[in-house]
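Below are the chains, spelled out letter by letter.
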Amino acid sequence: MLLPTTTVALRRSKPAAAQPSSKTGLWELPGTWRFDPSSHTCPDPSSKPISSLKDGPSSVVVDCDLRGALDVPIGLPDVVWRGGVDLNPIDVTDIDSLNWLEALVWPEHDERRARLRAAARIVAQDPPLLVAGDLNAEVANRAAQAPGDATLVVFHSAVLAYLEVEDRDRFVDQVSALDAVWLSNEGVAVLPELAAQLPTGIAVNGDFVLAKNGVPVALTARHGQYYRALPTT
Ligand SMILES: C[S@@+](CC[C@H](N)C(=O)[O-])C[C@H]1O[C@@H](n2cnc3c(N)ncnc32)[C@H](O)[C@@H]1O
């Protein structure tokens, strides 16, 4: 679900990615997975599925059902630097830590568990820079480490809900001040300033809001199963 947004943001530039928070580093590797937007159903039955993208060198396939009027990605970004922060990062090269993470996947979700294992194997070969800490304390440090000639992309998914409102505001202020493309993917109630920009009357039944630089661009499923582009004004 990040791919259409990053592709639009970064076309013809070299991306660097920083993620607060990043439990495992798996999300820093959008150039490593193969995306297959095909197998899930979007809650808006009137919209048409966008043609499938199958790309990349990876055997790890990330399904995402792309719907609506969007610039269909034609390839994967070439990410030149990656860094992340989490209160408690998981070292996927440590078998006990990986087993613990796998135990959080629901027992009947064999496909998710297999994908996690395959992704962890790839990450273990070239782990991104992950630091333990609070995102407000670390986001500027991580951003400063990115190569100066790359387009920095700061993205986060399902993390700001765990912060107090004033800490969310502090994070938004910090990231807005960076010379970066800011991609946020959070529950609709988490950042009211984004919710206020959604088209009136749109159904948001449990969706996340994916926003670029503080402007909503899509409604998404929390685990990336679908991406429903919002109309542009
Ligand atoms: C639902 S998970 C989302 C994981 C993340 N999207 C990823 O791809 O790994 C929420 C994560 O937020 C982290 N977290 C919560 N509060 C945080 C904070 N103040 N600073 C950094 N990470 C935090 C937790 O440790 C947890 O890993």
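Scroll up to find the structure this text is about.
Okay, so let's go over this structure. Small disclaimer: the values here were computed from a predicted structure and weren't measured. (Residues numbered from 1 in each chain as written. Predicted model: local features only at pLDDT ≥ 70, side-chain atom pairs only at ≥ 80, totals over all residues. Heavy atoms only, no water.)

A count of helical and extended segments in the protein chain gives six helices and 11 strands. Within the span of the protein chain, comprising 233 residues, buried residues form 49% of the whole. Partitioning the intrachain contacts of the protein chain with sequence separation of at least 6 by distance along the chain shows that 68% fall at a separation of at least 24. Total accessible area on the protein chain is roughly 11600 Å²; 53% of this is exposed by carbon and sulfur atoms. (Helix = DSSP H or I, 4+ residues; strand = E, 2+ residues; numbered from the N terminus. Buried < 20%, exposed > 50% of the residue type's maximum accessible area, 1.4 Å probe, protein only. Contact = heavy atoms within 4.5 Å. Areas by Shrake-Rupley, 256 points an atom, 1.4 Å probe, with all protein chains shown as cover.)

This part is about helix H3 (residues 110–125). The terminal C-alpha atoms of H3, which comprises 16 residues, lie 23 Å apart, in line with the 22 Å expected from a rise of 1.5 Å per residue. Residues of H3 that are buried: Arg113, Leu116, Ala118, Ala119, Ala120 and Val123. On its buried face, H3 is in contact with helix H2 (95–103). (Expected span 1.5 Å × (residues − 1).)

Take the side chain of Arg67 next. Tracing the sequence through the fold places Arg67 in strand E4 (residues 65–67). The exposure class assigned to Arg67 is buried, which follows from its relative accessible area of 10%. At 2.8 Å, the side chain of Arg67 forms a polar contact with the side chain of Asp65. (Polar contact = N/O pair within 3.5 Å; in protein donor to acceptor, adjacent residues only side chain to side chain.)

All right, on to the pattern of salt bridges then. Per the stated rule, a full pass over the model turns up six salt bridges. A salt bridge links Asp65 to Arg67, with the nearest nitrogen and oxygen atoms 2.8 Å apart. Residue Asp65 shares its accessibility class with Arg67, and that shared class is buried. Residue Glu138 pairs with Arg142 through a salt bridge whose shortest N-O separation is 2.9 Å. Here Arg142 and Glu138 lie together in helix H4 (residues 135–145), a separation of four residues that amounts to about one turn. There is no split in this pair, since Glu138 and Arg142 are both buried. (Salt bridge = Lys/Arg side-chain N within 4 Å of Asp/Glu carboxyl O.)

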